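Chain and residue survey
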Amino acid sequence: MAVLFSFRRIRLFFQKEVLVLPSRVIAFFFCLTLFLLPLMTKDPYLLRIIILSSIFAIFAASWDLLSGFTGQMNFGHALFFGVAAYSSALLNLRLGFPPWMTIPLGALSAVIAGLVVGIPCLRLRGPYLALATLAFPIILMGIVFTIPGITGGELGVSGIKPLASSRIAAYYICVILMLGLGLLMWKIGDSKTGIIFHAIREDEVAVRASGINTTRYKLLAFSLSGFFAGVAGGLYTHFIRIAGPSTLEVSLSFQAIIWAIFGGVVTIYGPIAGVFILYPLMEFLRILPEIRTLLFGLIVVIILLFMPEGLTTWVRDKMEEECPRCKVRNVAWRKTCRICFADMVQKSNQGGTNGI
Amino acid sequence: MIENILINGLIHGGVYALLAVGFSLIFGVARIVNIAHTAFYMIAAYLIYTFSTRFGLHPFPAIAFSILLVTLIGIAVYQLTIKPIQEHEITVLIVTIAVAMVFQEVMLLLYGGHFRGNPSLFAGYLEISGVRVSYQHLLTLVVVFFVLLATWWILLKTRLGIAIRATAQDREVANLMGMNVNRVAMVTMGIAVAMAAIAGVLVAPLSVVEPYMWLHPLVMMLAIVVLGGLGSIKGSLAGAFILGFAETLVVFLIPLGSFLKGAFSLTIMIVVLLIRPEGLFGVVFEEER
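Further remarks concern helix α12 (residues 250–263) of chain A. All names here are of chain A. Its 14 residues place the ends of α12 20 Å apart at the C-alpha level, agreeing with the 20 Å of an ideal helix rising 1.5 Å per residue. Most of α12 sits inside the fold, with 11 of its 14 residues counted as buried. Of all the residues in α12, the buried ones are Ser253, Phe254, Gln255, Ala256, Ile257, Ile258, Trp259, Ala260, Ile261, Phe262 and Gly263. Just downstream of α12 lies Gly264, where phi reads positive at about 120 degrees.

Here is the structure:
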């Protein structure tokens, strides 16, 4: 009886909460496909692409949590990734810690890196902050190259234990972590802390005037973002089984920004969608090896010229509308709101495209 | 040793100054963080290589053609990709990164990834009190000096310069005073790109030409601009020579220094920022809202 009851509740929840909005249906099918994919195909190449996409999705979403939400533009996000990758690799190789210990410890070292960067940089704002953060991974890379005895120099640290015994196990670890951490970041963005993050981006002086210690919240954003990026770095290093200087490159920092902005910032799901579209696309373009990066650049430019707020934001605003009275999102073709039955025709009332 | 450090420092500093001043100008006028700025420098280096080494043109027309072509490309990039989305500052940033990537790949397709050397446009050297200075180095120093002088003259003495400075100070008020701010931004973009092109033309014979040559100057240019204070031309100049000399000193004095040259310059930048968050010559603004 209890089973039947809970089944009915799940069905009702599904009907009332998931099926009402196209974006939720898409998210549901996205998760479903990810979970069922290994049952349909065992192709290691395809699984590898999805695993790497999941890892980079965590990375891009963590950039969004810092730079999208609080508006603290970070151009050196690869620092967190690289610090976590190197520390997980060295902990595993020199001390023999298993992956389930090295990944959290690597993420913690990324948090420390976040504080080291964050504390001096909090006095800077806007473009100054962006360009100062760009410097840190490059400085660290210079250090990595000058002490090849510890870091392996250009070749990096290799001989690390794999993430899991089989590729399917690694697949589930990465996908579940990606969905879980993505949900967590999304919830953080919706919580009271997240609202303060939003407010800091919009008007920091006003937030400070309301008696909120903005420095503390910005440091919190740096550490949270560093933690999530660090998890991604640890996963990456245990999956690829090498921690090299490529994890600190400027291009990786830029890549995270491209993914996030292409998908749509201040959403968390935007960067995830961005990675899951652009990373497989990049792999697919391997059939045209010479003009791969060229096409990638052109696609990004053209899409952003038409959808300057990002892909998911554009699609969401085409399919859904905010109720003018109770601010609940509705399918665009509904005549009345699904909650308060207000008329949905007052399109002119809709304030911009940045509703949540 | 000392004379090498002095000459190399001056040349690096001068080239960085050309890049950083242009970047500062376009940032000041249109608030565009143009990551593709050094990509134009790379294109100019490739063009001078094509014109002088492949087609065997005389250096002067080759230089003139390269600068003109790159400037036109720059204005086209501004009109087609940056202007339509100018209100979304962060999107502009990504678009300029993507544009730089596109240029890099086009060069990779057209010329391949080989390192290409370019012979000096002017052979020979001059002896100043026992120190040999090649004509190419001398030309670089002289051109840098005159280009910077010309930029200073344009900015301070001409109507266009007044319009540029006014737009940089307050875009809306400049517009209300009857200046066509969009055209001012376009012209500024042209000037900035032309300066980057001149830097590229000068550097091509002094170093190797390759599709990834825009990355290191990009990082240095951003560091210089932040060090000097964003949007401040004086700051960019000072920053360029400080970091140019710092880089040269590290390369000449420290073993394995060429790995550390970027790290060292960026550390200087961060130390300066910690002491003066607005950069050396930056103005302390009222908190912008």
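Attention shifts here to unusual backbone geometry. Phi is mostly negative for residues that are not glycine, and the peptide bonds are mostly trans. Residue and element names in this part refer to chain A. Phi at Arg241 is positive, roughly 65 degrees, even though this residue is not glycine. Along the polypeptide, Arg241 turns up in the loop between α11 (214–240) and β2 (242–243). Within the chain, Val266 stands out as a residue other than glycine whose phi angle is a positive 55 degrees. Here Val266 lies in the loop between α12 and α13 (269–284).

With that settled, the discussion passes to the packing of helix α6 (residues 127–146) of chain A against helix α9 (residues 215–228) of chain B. Remark: α6 of chain A packs on α9 of chain B, axes separated minimally by 10 Å, with the N-to-C direction vectors making an angle of 135 degrees. On the basis of their axis angle, the class for α6 of chain A and α9 of chain B is oblique. Here the hand of the crossing between α6 of chain A and α9 of chain B comes out left-handed. Residues Tyr128, Leu131, Ala132, Leu134, Ala135 and Ile138 of chain A of α6 of chain A form the contact with α9 of chain B, whose own contacting residues are Val219, Leu222, Ala223 and Val226 of chain B. Per-class residue counts for the contact of α6 of chain A with α9 of chain B are 10 nonpolar, no polar and no charged.

Once that is clear, we can look at the nonpolar core. Ranked by size, the top nonpolar core spans 199 residues in total, and within it Phe228 of chain A together with Leu18, Ala44, Ala45, Ala196, Ala197 and Val226 of chain B carry the most contacts. Considering each element in turn, this core owes the most residues, 15 residues, to helix α8 (residues 181–203) of chain B. Each of domain 1 (41–264) and domain 2 (288–356) of chain A contributes no fewer than three residues to this core. Look past the residues within four positions of Ala196 of chain B in its chain and what remains in contact with it is Leu18, Leu19, Gly22, His37, Thr38, Phe40, Tyr41 and Ala44 of chain B.

Our next topic: helix α14 (residues 292–306) of chain A. Given a rise of 1.5 Å per residue, 15 residues ought to cover 21 Å, and the 22 Å separating the end C-alpha atoms of α14 of chain A matches this to within 8%. If you follow the buried residues of α14 of chain A, they end up packed against α12 of chain A together with α3 (59–82) and α4 (89–111) of chain B.

Definitions and cut-offs
Residues numbered from 1 in each chain as written. Chains lettered and ligands numbered in written order. Predicted model: local features only at pLDDT ≥ 70, side-chain atom pairs only at ≥ 80, totals over all residues. Helix = DSSP H or I, 4+ residues; strand = E, 2+ residues; numbered from the N terminus. Expected span 1.5 Å × (residues − 1). Buried ≥ 20, exposed ≤ 12 C-beta atoms within 10 Å, placed from the backbone. Axes fitted to C-alpha atoms, helices over the stretch in contact; angles between N-to-C directions. Parallel < 35°, antiparallel > 145°, perpendicular 65-115°, else oblique. Left-handed = near helix turned anticlockwise from the far one by under 90°. Contact = placed C-beta atoms within 7 Å. Nonpolar A, V, L, I, M, F, W, Y, C, P; charged D, E, K, R; others polar. Core = buried A, V, L, I, M, F, W, Y, C linked by C-beta atoms within 7 Å. Domains from an automatic or database assignment.

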